[in-house]
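# Coordinate inspection notes
In case you want the letters, here they are:
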Amino acid sequence: METKPLQKMFPFLCIILLMVSCASTNRLTISVTEPAPVSIPKNISRVGILNRFNNTSDNVISKIDEVFSAEGKNFDRDASNKVIEGLNELLKQQDRFDVVIVNDSLLVSNNTVDFPTALTWDTVEQLCKASDVDVLYVLSFFDTDSKISYNTKQAFSQNVLGVKIPVLEHHATANTLIKGGFKIYDPTNRLILDSFSFSKGITTSGKGINPAKALEALKMRKDLVMDASRLIGENYALSIVPYRTRVARDYFVKGTDQFEIAKRKAQTGDWDGAALHWERELTNPKSKIAGRACYNMAIINEINGDIETAIEWASKAYSDYNNKEALRYLNILKYRVSQNQRLAEQQL
C-alpha cells in the first residue's frame, strides 16, 4: 500500500517538535538607545547646506520616453533641491542649529556617479566665514537614472453591445534609481564628520490602448521621485539624533526545576522574581548548571541597565564554567559599553 504524504512527513515532524520542546533557551527583546550614526560637536550652533549638483545636460532619458521630456533638463536639479529642502526642514525642527542655505555657483559639480574631489579646507573656511556657519553639509553628487521597459499583452474589451473583443494592451514600466552622496565638513577641526552615499529605487508602471497612453500613465513618476528625494534629505537630518531600537537576547530555561520556575516568571514579566531562582543555582555542583545561572544573572543585570555587572557575570560564566554562549554575549556587552560611551559624549 502506498504511504500517504503525511505519513512520510511524520518522522520529520516528530524531530522538529522534539527540537522545539528540548530547546535550552528562550528569547527576549529589550529596548536600547543607540548613539546617533553621525556626531556633530556640541558647540556647533550654525550649519550651512550647499548643493554642489548642477545638471546642464540637454539629453532626455530615451526617445520612447518622450513623455518625460516635458520635465526638462532640470528634473535632476529639482529632485536634488528636494533633498536639500528635506534636510533643511528636519534640521530646523530639531531646534539645535540655525540653518543657512549656502549658494556658490563656482562650486557646482556635474558628477553624477561618485563623490567629486573634496572641497579644500581653505574653500570650506571661506564659505563658512561668508555665511557665518560652523559646519557645512554638502550634497556632493546626485543623479536620477531611469530605465524604461515596454511590452504588449493580449487583453479583452467590451464593445457597445457588451461583446468582449480581443485588444492589444500596451504596458510601460519605469525603474528610477535616485543616487547621491553627502559630506559634512568641520573647518575648525579640519575633519570630514561624515561621508554618506545613498540610493533609492522607484518603480512606476502604466498601461493603455496605445504606447502614448501607456507612457502618459507614468507621469506619476515625477511626484514619486520628488517625494522620495525629500525623504532622503529628512532621513539624513535624523542621522545626528540618537534612536531607540530593540535587540534580542537568549537566556537559559532548562537544567533544573529552578530554571523551569524562573522561565514561567519571566514569561509573566517578573524578571526580578526569575533572577531569585537563578541565584539559587549559582553554587550548583554541576558546572553546566552554575554556568547557565551566571549567564542568566548577566541577562537580568542588562535588563536592569547595569552593564558593568552584566559583564562581570558573563565573564564568570565563561572563565569559570566554560559557557560558550557567555563569550559571545560578553562581546555584545562590551560593544554596548562603547556605544553608551559614544552616546554620553553626544549628550554632553
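As a reminder, the structure under discussion sits directly above these lines.
In short, a report on the structure. (Residues numbered from 1 in each chain as written. Predicted model: local features only at pLDDT ≥ 70, side-chain atom pairs only at ≥ 80, totals over all residues. Heavy atoms only, no water.)

A word on the overall build of the chain. Looking only at helices and strands, one finds 11 helices and seven strands in the chain. Within the chain, the proportion of its 348 residues that are buried is 41%. Surface accessibility of the chain: about 19,600 Å² in total, with carbon and sulfur atoms responsible for 53%. (Helix = DSSP H or I, 4+ residues; strand = E, 2+ residues; numbered from the N terminus. Buried < 20%, exposed > 50% of the residue type's maximum accessible area, 1.4 Å probe, protein only. Areas by Shrake-Rupley, 256 points an atom, 1.4 Å probe, with all protein chains shown as cover.)

Right, let's get into the nonpolar core. Tyr251, Trp271, Trp278, Tyr295, Tyr329 and Leu333 are the most contacted members of the largest nonpolar core, which has 33 residues in total. Counting only elements with at least two residues in this core, the list comes to strand 1 (25–34), strand 7 (243–252), helix 7 (257–267), helix 8 (271–279), helix 9 (287–303), helix 10 (307–321) and helix 11 (324–346). Sort the elements by how many residues they give to this core and helix 9 lands first, with eight residues. Sequence-distant contacts of Tyr329, that is, excluding residues within four places in its chain, are made with Arg249, Tyr295, Ala298, Ile299, Glu302 and Ala314. Listed in part, the 31 residues of the second largest apolar core include Leu91, Phe142, Phe198 and Ala228. (Core = buried A, V, L, I, M, F, W, Y, C linked by side-chain atoms within 4.5 Å. Contact = heavy atoms within 4.5 Å.)

Once that is clear, we can look at the environment of Lys207. For Lys207, the location among the structural elements is in strand 6 (residues 191–208). Separated by 36 residues in sequence, Lys207 and His171 have C-alpha atoms that sit 4.4 Å apart.

This part takes up the pattern of salt bridges. When the charged atoms of two side chains with opposite charge come close together, those side chains can pair. Enumeration according to the criterion identifies 15 salt bridges in this entry. Across the salt bridge formed by Arg230 and Glu234, the nearest N and O atoms sit 3.2 Å from each other. Note that Arg230 and Glu234 are positioned in helix 6 (residues 220–237) at a spacing of four residues, about one turn of the helix. When salt bridges that share partners are traced, they join Lys82, Glu85, Glu89, Arg230 and Glu234 into one network. (Salt bridge = Lys/Arg side-chain N within 4 Å of Asp/Glu carboxyl O.)

This paragraph deals with the side chain of Thr256. The residue Thr256 is located in the loop between strand 7 and helix 7 in this model. Each residue touching Thr256, except ones within four places of it in the same chain, is listed here: Glu281, Asn284 and Ile289.

Another aspect to go through is unusual backbone geometry. Notably, Asp132 is not glycine yet its phi reads approximately 55 degrees, a positive angle. Take Asp132: it is sitting in the loop between helix 4 (121–131) and strand 4 (135–158). Using a relative accessible area of 52% as the deciding quantity, one classes Asp132 as exposed. With a phi angle near 55 degrees, Asn322 is a residue other than glycine that sits in the positive phi range. Looking at where Asn322 falls in the secondary structure, it is placed in the loop between helix 10 and helix 11.

Where helix 8 meets helix 9, the axes come as close as 9 Å, and the angle between the chain directions of the two elements is 155 degrees. Comparing the axis directions of helix 8 and helix 9 gives the class roughly antiparallel. Crossing angle aside, the handedness with which helix 8 passes helix 9 is left-handed. Between helix 8, through Trp271, Asp272, Ala275, Trp278 and Glu279, and helix 9, the contact on the second element is made entirely by Ala293, Asn296, Met297, Ile300 and Ile303. Considering only residue class, the contact of helix 8 with helix 9 consists of seven nonpolar, one polar and two charged. (Axes fitted to C-alpha atoms, helices over the stretch in contact; angles between N-to-C directions. Parallel < 35°, antiparallel > 145°, perpendicular 65-115°, else oblique. Left-handed = near helix turned anticlockwise from the far one by under 90°. Nonpolar A, V, L, I, M, F, W, Y, C, P; charged D, E, K, R; others polar.)

Let us look at helix 8. Of the positions making up helix 8, those classed as buried are Trp271, Gly273, Ala274, Ala275, His277 and Trp278. Looking at the buried positions of helix 8, the neighbouring elements they touch are strand 1, strand 7, helix 7 and helix 9.

With that settled, consider the packing of aromatic side chains. In this description, a pair of aromatic rings is defined by centroid distance and the angle of the planes. Under the counting rule described, the total for this entry stands at 12 aromatic pairs. Considering the side-chain rings of Tyr137 and Tyr236, the 6.0 Å spacing of their centres and the 85 degrees angle between planes classify their relative orientation as edge-to-face. Linking Tyr137 in strand 4 with Tyr236 in helix 6, this pair joins segments that are 99 residues apart in sequence. Taken as a pair, Tyr137 and Tyr236 share a single burial class, namely buried. Ring centres of Phe196 and Tyr236 lie 5.3 Å apart, and the angle between their planes is 15 degrees; this geometry places the pair in the stacked category. Of this pair, Phe196 sits in strand 6 while Tyr236 sits in helix 6, and the two are 40 residues apart along the sequence. An aromatic cluster is defined as three or more aromatic residues linked by ring pairs; in this entry it consists of Phe53, Tyr137, Phe142, Phe182, Phe196, Phe198 and Tyr236. Above the plane of the ring of Phe115 lies Lys183, whose end atom (NZ or CZ) is 4.4 Å from the centre. Sitting over the ring of Phe75, Arg221 keeps its end group 4.3 Å from the ring centre. (Phe/Tyr/Trp six-rings, centres within 6.5 Å; stacked < 30°, edge-to-face > 60°. Lys NZ or Arg CZ within 6 Å of the ring centre and 35° of its normal.)

That's the geometry; what it means functionally is another story.
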